[in-house]
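Per-entry structural report
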Amino acid sequence: MSEQNILEVQGLKMYFDVSPPFVTRLLNRMPKQVLKAVDGLSFSIERGKTFSLVGESGCGKSTVARAVAGLYTPTGGDIIIDGQNLATAKDRSKITDISRQMQMIFQSPYASLDPRWRVRDIIAEPIRAFKLAANKEDEWRQVEQLLVQVGLSASDGEKYPHEFSGGQRQRISIARALSSKPEFLICDEPTSALDVSVQAQILNLMTALQDELGLTYLFISHDLAVIDHMSDWIGVMYLGRVCEITPKSELFSNPRHPYTRLLLEAIPDLKGRSHRKPLKGEVPNPITPPSGCTFHPRCPYANERCKQEQPVLGEYGPSQVACHAVEEFRI
Amino acid sequence: MKDVSISKWWAGVSDHDVTYSFLHSPVTIVATVATILMFAAAFGASFLTIYTPFDPGSLELREAFMPPAWEQGGNSEHLLGTDGQGRDILAAIMYGTQVSLVVGILSVLLSVSIGIPLGIIAGYYGGWVDTAIMRFADIQLTIPPILIALMIDGITRTTLSSEVHEIVAIPVLIISIGVASWPQYARITRSGAMVERRKDYIAAAKLIQTPTAAIMVRHVLPNVIGPTLIVATIGVAVAIIIEATLSFLGVGIPSTTPSLGTLIRIGNSFLFSGEWWITFFPAFTLVILVLSVNLIGDWLRDTFNPKLR
């Protein structure tokens, strides 16, 4: 693991058992069903940078975020933070320093704050959990400082979450995430539930905080405009695998993987009805993924090899791409 | 300074939806007043009446079978008349209501304190823990509460001597009614906990290594307890009915301590000889008490769960 990387994920596998109940399975002679939400995913994040995962709904982006956060125990692979492998750690609670350094911002601003708690208690929860305040006054002072830092007023601490709008709640969520003084933030679609104008405020706040505090972000989104605004590096995910890892400039100017190209073509623009080719078909069922390259049923460049053999990530310039067509210089 | 904060608080309270809904529901207001009066009469019985109907030393056999004050032969000293041993019916009802309320409230407290933790554990963990707890609850629900109470009462009656049994009769009754009705509280709490555990604020608490027990107490419990407590209000009425039924059957409260059910049972044997007041007034009180508590419970349920309206 190189020194500059804060996080390295290697061959992460996250399988879920989605079999029907035992008796039903026995009566209908059904096999066990396994959903491979994430299947052999590798990436690394440089300290102080933003790495984004992008992909359609159901491709496993959020699962990666939750596995890195430790909310799921991975089926296989390694998650290495500061030289400690979290995936194999028996008990994450033993490594409190890592959990203090790693916080998460969630998608829904409504479900991520306990409606029965005052905002100051919500923000102070990590401070209390990691005993970061010397006494009550110190704790209040830290909370007030955080509220001001995320653009709310110190008196908002006395209110309850329902007294705030979606954007303000997301600010509270950010303040809670920052309260344990983390280095690394996992952002699981933090703006997808917000209005466009509010999205911009939250994204600007997040970039400002990154510059100020030197934070590293793992950013999950399906919105390429948001990705463009936030990222340094981008991983494009399809059906639990990563098909392209690339610097931001390359993604928009020189997309290599056919899926990346199709995603970029699908972005609406303000020129009215342009001749966009929508992505054909739907994401296949991850319980029974297609053989070979999982993208082949929707790929205009697919050939026999794509149906049989799974592509692996190869280096092309600054990017890593997993595609037979790219490898064979067909595109 | 203090006055300002109180008037501000009152402004907040009177503006509140709940207050509005209360003030615009005459039935609820009447039921609340009736309940408060009955509580006052029951728990203030020793101040409000000079009679001690269940003290054997104060029996006045000369005054037996006196009808209510407005009937022929009635007398204003015994407003609602007296029973076969000259005991004042009004005083008996006041003391009886006290026992009924104590049994009703304590047994609900007991079943809530069994049902809520089990419901939260079942809903939060899910899987086989959930299956085990809820199937056990289902099994218990197939046995009517009265049967469970009869069984527990029967066991204590045969194992304990009759003096000891009289002392423990009320606690036994509370325990048997309480144990019999926990499943419904567990069910309501469980369904709430199943919804809450998937929410991201729980994930945020897990992320900072909050112990599971602390998550359940600090986050899940406050968010699921509301509906359970509303059902518990109605549960008090149900518990009072079960207690009255058991006492009427003669297995609940011993005759030396009155409860509304005991009074109805005692009076029942005089019904055909014309002394209707001995059983009518306790029964009437029971009806009003249960009805009022039920109406308050219904109002609470409708106010806090608008979907049921």
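For clarity, every value in this text was computed on a predicted model and none was experimentally measured.

1. What about the sheet that holds strand β9 (residues 233-238) of chain A?
Residues and elements named next belong to chain A. Within the open sheet, the 8 strands sit side by side as β6-β7-β8-β3-β9-β10-β12-β11. Their pairing is mixed. A strand with exactly one partner marks an edge of an open sheet, and here the two such strands are β6 (102-105) and β11 (314-316). Taking the axes of each pair of neighbouring strands and ignoring which way they run, one obtains an average angle of 20 degrees across the sheet. In the sheet, β9 pairs with strand β10 (residues 241-247) via 6 bridges, with the strands oriented antiparallel. Within β10, the residue paired with Gly235 across the bridge is Ile245. On the sheet, helix α7 (residues 196-213) packs against β3 (50-54), β6, β7 (184-188) and β8 (216-221) and is oriented at approximately 160 degrees with respect to β8.

2. Let's talk about the packing of helix α5 (residues 89-125) of chain B against helix α13 (residues 277-304) of chain B
Residue and element names in this part refer to chain B. Between α5 and α13, whose axes approach to 10 Å, the crossing angle comes to 40 degrees. Overall, the two elements α5 and α13 adopt an arrangement that is oblique. Handedness of the α5/α13 crossing: right-handed. For the pair α5 and α13, the contacting residues are Ile89, Ile93, Thr97 and Leu101 in the first and Trp277, Ile278, Phe281, Pro282, Thr285 and Leu289 in the second. Partitioning the contact of α5 with α13 into residue classes produces 8 nonpolar, 2 polar and no charged.

3. A look at the sheet that holds strand β5 (residues 84-85) of chain A
Residues and elements named next belong to chain A. With antiparallel pairing, 4 strands are arranged side by side in an open sheet as β2-β1-β4-β5. Each edge of the open sheet carries a strand with a single partner, namely β2 (34-46) and β5. Those strands touched by helix α2 (residues 61-69) are β1 (5-17), β2 and β4 (76-81), and its axis lies near 115 degrees from that of β1.

4. A closer look at the side chain of Ser231 of chain A
Residue and element names in this part refer to chain A. With respect to the helices, strands and loops of the structure, Ser231 is situated in the loop between α8 (224-230) and β9. You can call Ser231 buried: its relative accessible area is 3%. Reaching out from Ser231, the side chain makes a polar contact with the backbone oxygen of Ile227 at a distance of 2.6 Å. Residues within four places of Ser231 in sequence aside, it is in contact with Thr50, Ser52 and Lys248.

5. Digging into unusual backbone geometry
All names here are of chain A. For Lys131, which is not glycine, the phi torsion reads 50 degrees and is therefore positive. Among the residues examined, Lys131 registers a relative accessible area of 70% and is labelled exposed. One non-glycine residue, Phe329, lies in positive phi territory at about 55 degrees. Inspection of the secondary structure puts Phe329 in the segment after α12 (324-327). By relative accessible area, which is 70% here, Phe329 ends up exposed.

6. Points about the domain arrangement of chain A
Residue and element names in this part refer to chain A. Domain parsing of chain A yields domain 1 (5-238) and domain 2 (261-269 + 278-331). One C-alpha centre belongs to domain 1, the other to domain 2, and the line joining them spans 28 Å. Tallying the contact residues gives 11 residues for domain 1 and 13 residues for domain 2. Taken together, the two surfaces of domain 1 and domain 2 that pack against each other cover about 1,000 Å², and 69% of this comes from carbon and sulfur. Summed over the three residues of domain 1 that lose the most area to domain 2, namely Glu56, Leu224 and Tyr238, the buried surface amounts to 53% of that side. At the surface where domain 1 touches domain 2, the tally comes to 1 salt bridge. Between Arg298 and Glu56 there is a salt bridge; the shortest N-O distance is 3.1 Å. For the interface between domain 1 and domain 2, the tally reads 2 residue pairs in polar contact (both at pLDDT 80 or more). Those elements that provide at least two residues to the side of domain 1 that touches domain 2 are β2 and β9. Looking at the side of domain 1 that touches domain 2, its residues break down into 7 nonpolar, 2 polar and 2 charged.

7. Structural notes on the pairing of β6 of chain A
All names here are of chain A. Of the two faces of β6, the one holding Met102 and Met104 and the one holding Gln103 and Ile105 are both buried throughout. Sheet topology note: the β6/β7 ladder contains 4 bridges and is parallel. Bridging across to β7, Met104 finds its partner in Ile186.

Cut-off values and rules
Residues numbered from 1 in each chain as written. Chains lettered and ligands numbered in written order. Predicted model: local features only at pLDDT ≥ 70, side-chain atom pairs only at ≥ 80, totals over all residues. Heavy atoms only, no water. Pairing = 2+ DSSP bridges. Helix = DSSP H or I, 4+ residues; strand = E, 2+ residues; numbered from the N terminus. Axes fitted to C-alpha atoms, helices over the stretch in contact; angles between N-to-C directions. Contact = heavy atoms within 4.5 Å. Parallel < 35°, antiparallel > 145°, perpendicular 65-115°, else oblique. Left-handed = near helix turned anticlockwise from the far one by under 90°. Nonpolar A, V, L, I, M, F, W, Y, C, P; charged D, E, K, R; others polar. Buried < 20%, exposed > 50% of the residue type's maximum accessible area, 1.4 Å probe, protein only. Polar contact = N/O pair within 3.5 Å; in protein donor to acceptor, adjacent residues only side chain to side chain. Domains from an automatic or database assignment. Buried area = accessible area lost by both parts, 1.4 Å probe. Salt bridge = Lys/Arg side-chain N within 4 Å of Asp/Glu carboxyl O.

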